[in-house]
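Listed here are the chains, written in short residue letters.
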Amino acid sequence: MSHSLQFFTPSRAPYLPLQKLSATSYTRFPVINFPIIKHSLTITKSSSSDLDVASSQVLDSGNGQTGAAGGLSADNVVVVPSHVPSDSGTAAGIDVDSVTEVELKENGFRSTRRTKLICTIGPATCGFEQLEALAVGGMNVARINMCHGTREWHKMVIERVRRLNEEKGFAVAIMMDTEGSEIHMGDLGGAASTKAEDGEIWTFSVRASGTPRPERTINVNYDGFAEDVKVGDELLVDGGMVRFEVIEKIGPDVKCRCTDSGLLLPRANLTFWRDGSLVRERNAMLPTISSKDWLDIDFGIAEGVDFIAISFVKSAEVINHLKSYIAARSRGGDIAVIAKIESIDSLKNLEEIILASDGAMVARGDLGAQIPLEQVPSAQQRIARVCRQLNKPVIVASQLLESMIEYPTPTRAEVADVSEAVRQRADALMLSGESAMGQYPDKALAVLRSVSVRIEKWWREAKRHEAMVLPDVGTSFADSISEEICISAAKMANNLEVDALFVYTKTGHMASLLSRCRPDCPIFAFTTTTSVRRRLNLQWGLIPFRLGFSDDMESNLNKTFSLLKARGMIKSGDLVIAVSDMLQSIQVINVP
């Protein structure tokens, strides 16, 4: 059974926002009352006891081999090759992430995780088998941080991720994170880390590398550092993970006493405070995108990364300039730009920065070094709200499970922090040091996954539909119609308790509008191109498929049902709502 409500733009109709049309404007459209077809609805739910078992395995297992919640591992995922090399799609095949396929078959639609997971790749996870373990564990996006490693090393990681996608049926996207014009330490002479103890005297120097230096000396990349800093200033390493007090300046050397001990990591960022306030003059003249960043951006464009994250964004002008640069040099300009919100300037210009970008990252580590710590939670909530209102994905990053760099289980406070980010409906959570250099990267990812699944399930069962005003983001009459269709489709999906929303989209825009509404059911996003499919893997609730389709919705639906039923991912009687950015319509369908 199929019911369809379609909107047609009348000739000579004024281009008015949809909500401003009068009631009589709708009289030329058919009015259809949708029956509630609950007798034909079949939903397979995983029980709470199943989640309890999965969570206890994640949090309590000590064997270091914990995989994804639900018992998935690299050994028991059966991958059915479904990918094809052409970006135009195929008339007979459909690409779906192999882990998602197993989840749908075993646990049903509503058990799927909505919050996306990002892993920073480093020495602990750069091998092909390690990357595969992360993909099996739920990694949606692999992040490479240009602060560390050579371009040759990053190229190797990119090639391995792409090979993983091609050979194993994953859709892992790649995010490249630029270094930015921040003050940071050197590489510690090649050491992975070093410990600074209370009372020790350390020297921070701007001497050229290779010159003789005293013991316990750390190189600083900012030439004006020794001039700007003053005796008595407090020096914070990595947002306050280690603290020093400046006690003496000798030419290019700044001698400091450690006041809070901790682990010093290569290329950690430095900030300094004077009389309780952040000293900001030191980076006023530094460009947001350094000369090294431009070389890294050229590298990312050449390698075809999916996202480029820009550090210490101060204004929308930087984002607009970079997007124009990418569009002129990349294949169709299909690389998304993510603005990292990690400075006072970013917060001052938050709305215009997010509006110009393709998404935002709440970089809490650096942000906490520039604003009082007690303001970070409210800043995170504000950034998440603005991103959702403006239809931009938001990533919560930094120190989510910091203790798991060294320990196999998280602190309860860290689990509560992750839970809060999921309750705020962030699109994605990101691991940094936990996955890049931690001793338990698989376990850290498993914790993120199990906590996300549990909180999302609780939210749905408690019917906590938060009231959020979603302002219009469209700039044309057609965009306004698409927004209204997606809002209506999401509301209908919740009221009818449908199994899934289907969206057919060539650009991904309509899928993002549905994600913005945060419906209870998962969103199956069908697109024709591999790059769009990977980018959709960053957004909340979207399960991206690659499928060749036409403008004929009946044909698209029939083909989709046939392919998904053949792979055991849907069954007759399931209830779905379908929308499309080719034909602006809402269709309520029972799977035949």
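Remember, it's a predicted structure, so these values are computed and weren't measured experimentally.

What counts and how
- Residues numbered from 1 in each chain as written.
- Predicted model: local features only at pLDDT ≥ 70, side-chain atom pairs only at ≥ 80, totals over all residues.
- Heavy atoms only, no water.
- Pairing = 2+ DSSP bridges.
- Helix = DSSP H or I, 4+ residues; strand = E, 2+ residues; numbered from the N terminus.
- Expected span 1.5 Å × (residues − 1).
- Buried < 20%, exposed > 50% of the residue type's maximum accessible area, 1.4 Å probe, protein only.
- Arc of directions from axis to C-beta.
- Contact = heavy atoms within 4.5 Å.
- Axes fitted to C-alpha atoms, helices over the stretch in contact; angles between N-to-C directions.
- pLDDT = per-residue confidence, 0-100.
- Phe/Tyr/Trp six-rings, centres within 6.5 Å; stacked < 30°, edge-to-face > 60°.
- Core = buried A, V, L, I, M, F, W, Y, C linked by side-chain atoms within 4.5 Å.
- Polar contact = N/O pair within 3.5 Å; in protein donor to acceptor, adjacent residues only side chain to side chain.
- Salt bridge = Lys/Arg side-chain N within 4 Å of Asp/Glu carboxyl O.
- Parallel < 35°, antiparallel > 145°, perpendicular 65-115°, else oblique.
- Left-handed = near helix turned anticlockwise from the far one by under 90°.
- Nonpolar A, V, L, I, M, F, W, Y, C, P; charged D, E, K, R; others polar.

## As for the pairing of strand 10 (residues 242-250)
Each regular strand displays side chains that alternate between the two surfaces of the sheet.
Right, on to step 1. With four bridges joining them, strand 9 (residues 234-237) and strand 10 adopt antiparallel strand pairing. Bridged to leucine 235 within strand 10 is phenylalanine 244.
Right, on to step 2. Hairpin remark: strand 9 followed by strand 10, antiparallel, with four residues in the connecting loop; positive phi at aspartate 238, about 55 degrees.
Right, on to step 3. Relative to strand 11 (residues 253-260), strand 10 runs antiparallel, the two being bridged by seven bridges.

## Comments concerning helix 12 (residues 412-423)
Given 3.6 residues per turn, any residue in an α-helix points the same way as the ones three and four places further on.
Right, on to step 1. With 12 residues, helix 12 ought to run about 16 Å at 1.5 Å a step, and its terminal C-alpha atoms sit 16 Å apart, in line with that.
Right, on to step 2. All of the buried residues in helix 12 are Glu414, Val415, Val418, Ser419, Ala421 and Val422. Buried residues of helix 12 fall within an arc of 160 degrees about the axis and therefore sit on the same side. What points out from helix 12, more than 90 degrees from its buried face, is the exposed set Arg412 and Ala413.
Right, on to step 3. In this structure, the buried residues of helix 12 make contact with helix 11 (376-389), strand 18 (394-397), strand 19 (428-431) and helix 14 (441-461).
Right, on to step 4. Backbone geometry just downstream of helix 12 places arginine 425 in the positive-phi region, at approximately 60 degrees.

## Considerations on the sheet that holds strand 4 (residues 141-145)
Right, on to step 1. Spatially, eight strands are ordered 3-4-5-15-16-17-18-19 in a closed barrel, and the strand pairing comes out parallel. Across the sheet, the mean angle separating the axes of adjacent strands is 25 degrees when strand polarity is ignored.
Right, on to step 2. Note: strand 5 (residues 173-177) against strand 15 (residues 307-310), three bridges, orientation parallel. Across the sheet, residue aspartate 177 finds its bridge partner in strand 15, namely alanine 309.

## Notes on the confidence of the model for the protein
Right, on to step 1. Residues with a pLDDT of 70 or more make up 81% of the protein, whose mean pLDDT is 82.
Right, on to step 2. Note on residues 6-92: pLDDT under 50 across the span, and 138 contacts to partners over four residues away in sequence or across chains.

## Topic: the packing of aromatic side chains
Right, on to step 1. In the structure shown here, the tally under the stated rule is 11 aromatic pairs.
Right, on to step 2. Seen in terms of ring centroids, tryptophan 458 and tryptophan 459 are 6.1 Å apart; in terms of plane orientation they differ by 85 degrees. Their pairing is edge-to-face.
Right, on to step 3. Classification of tryptophan 458 as partly exposed rests on a relative accessible area of 35%.
Right, on to step 4. Taking the relative accessible area as the measure of exposure, tryptophan 459 reaches 11% and is therefore buried.
Right, on to step 5. Taken together, Phe502, Tyr504, Phe524, Phe526, Phe545, Phe549 and Phe561 form an aromatic cluster joined through their ring pairs.

## Let's talk about the sheet that holds strand 11
Right, on to step 1. Strand order in the open sheet made by the seven strands is 8-7-11-10-9-13-14, with mixed pairing throughout. Strands with a single pairing partner mark the edges of an open sheet, and in this sheet they are strand 8 (217-219) and strand 14 (277-278).

## Some details on the nonpolar core
Right, on to step 1. With 77 residues, the main nonpolar core has Ile121, Ile297, Ile383, Leu401 and Leu429 as its most contacted residues.
Right, on to step 2. Counting 26 residues, the second largest nonpolar core, distinct from the first, contains Ile481, Ala493, Leu501 and Cys521.

## Quick look at the environment of arginine 151
Right, on to step 1. Note that arginine 151 resides in helix 4 (residues 151-168).
Right, on to step 2. The class for arginine 151 is partly exposed, based on a relative accessible area of 31%.
Right, on to step 3. Each C-alpha atom, one on arginine 151 and one on aspartate 296, is 7.8 Å from the other, the two residues being 145 residues apart in sequence.
Right, on to step 4. Excluding residues within four positions of it along the chain, arginine 151 makes contact with Met146, Lys292, Leu295, Asp296 and Phe299.
Right, on to step 5. In terms of polar contacts, arginine 151 uses its side chain to reach the side chain of aspartate 296, at 2.8 Å.

## Quick word on the side chain of glutamine 584
Right, on to step 1. In this structure, glutamine 584 sits in the loop between strand 23 (575-580) and strand 24 (585-590).
Right, on to step 2. In this structure the side chain of glutamine 584 is engaged in a polar contact, spanning 3.1 Å, whose partner is the side chain of serine 482.

## Some details on the pattern of salt bridges
Pairing is possible between side chains of opposite charge, provided their charged atoms come close.
Right, on to step 1. Per the stated rule, a full pass over the model turns up 31 salt bridges.
Right, on to step 2. The residue lysine 457 makes a salt bridge to glutamate 461 at a minimum N-O spacing of 2.5 Å. One end of the pair, lysine 457, and the other, glutamate 461, are both in helix 14, four residues apart, so they sit about a helical turn from each other.
Right, on to step 3. Here lysine 457 falls in the buried class, since its relative accessible area comes to 13%.
Right, on to step 4. For glutamate 461, a relative accessible area of 53% puts it in the exposed group.
Right, on to step 5. The salt bridge partner of aspartate 551 is lysine 506, with a shortest N-O separation of 4.0 Å. With aspartate 551 in the loop between strand 22 (542-547) and helix 18 (553-566) and lysine 506 in the loop between strand 20 (500-504) and helix 16 (509-517), this residue pair connects regions lying 45 residues apart in the sequence.
Right, on to step 6. Aspartate 551 sits in the exposed class, given a relative accessible area of 53%.
Right, on to step 7. What emerges from the salt-bridge pattern is a single network uniting Arg151, Glu179, Arg267, Lys292 and Asp296.

## Side note on the side chain of serine 432
Right, on to step 1. One can find serine 432 in the loop between strand 19 and helix 13 (433-436).
Right, on to step 2. When sequence neighbours within four positions are dropped, the list of residues in contact with serine 432 reads Thr120, Arg143 and Ser398.

## Topic: the environment of threonine 100
Right, on to step 1. Position of threonine 100 among the secondary structure elements: in helix 2 (residues 98-107).
Right, on to step 2. Of the residues examined, threonine 100 reaches a relative accessible area of 16% and is grouped as buried.
Right, on to step 3. Between the alpha carbons of threonine 100 and arginine 113 there is a distance of 9.1 Å; along the sequence they are 13 residues apart.

## As for the packing of helix 15 (residues 477-496) against helix 16
Between two packed helices, both the angle of their axes relative to each other and the distance between the axes serve to describe the pair.
Right, on to step 1. Contact geometry for helix 15 and helix 16: axes closest at 9 Å, N-to-C directions at 45 degrees. It follows that helix 15 is oblique to helix 16 by the angle criterion. Helix-helix and strand crossings are classified by hand; for helix 15 and helix 16 the assignment is right-handed. Where helix 15 abuts helix 16, its residues Ser482, Glu483, Ile485, Cys486, Ile487, Ala489 and Ala490 lie against Met510, Leu513, Leu514, Arg516 and Cys517.
Right, on to step 2. Class assignment of the residues belonging to the contact of helix 15 with helix 16 gives a composition of nine nonpolar, one polar and two charged.

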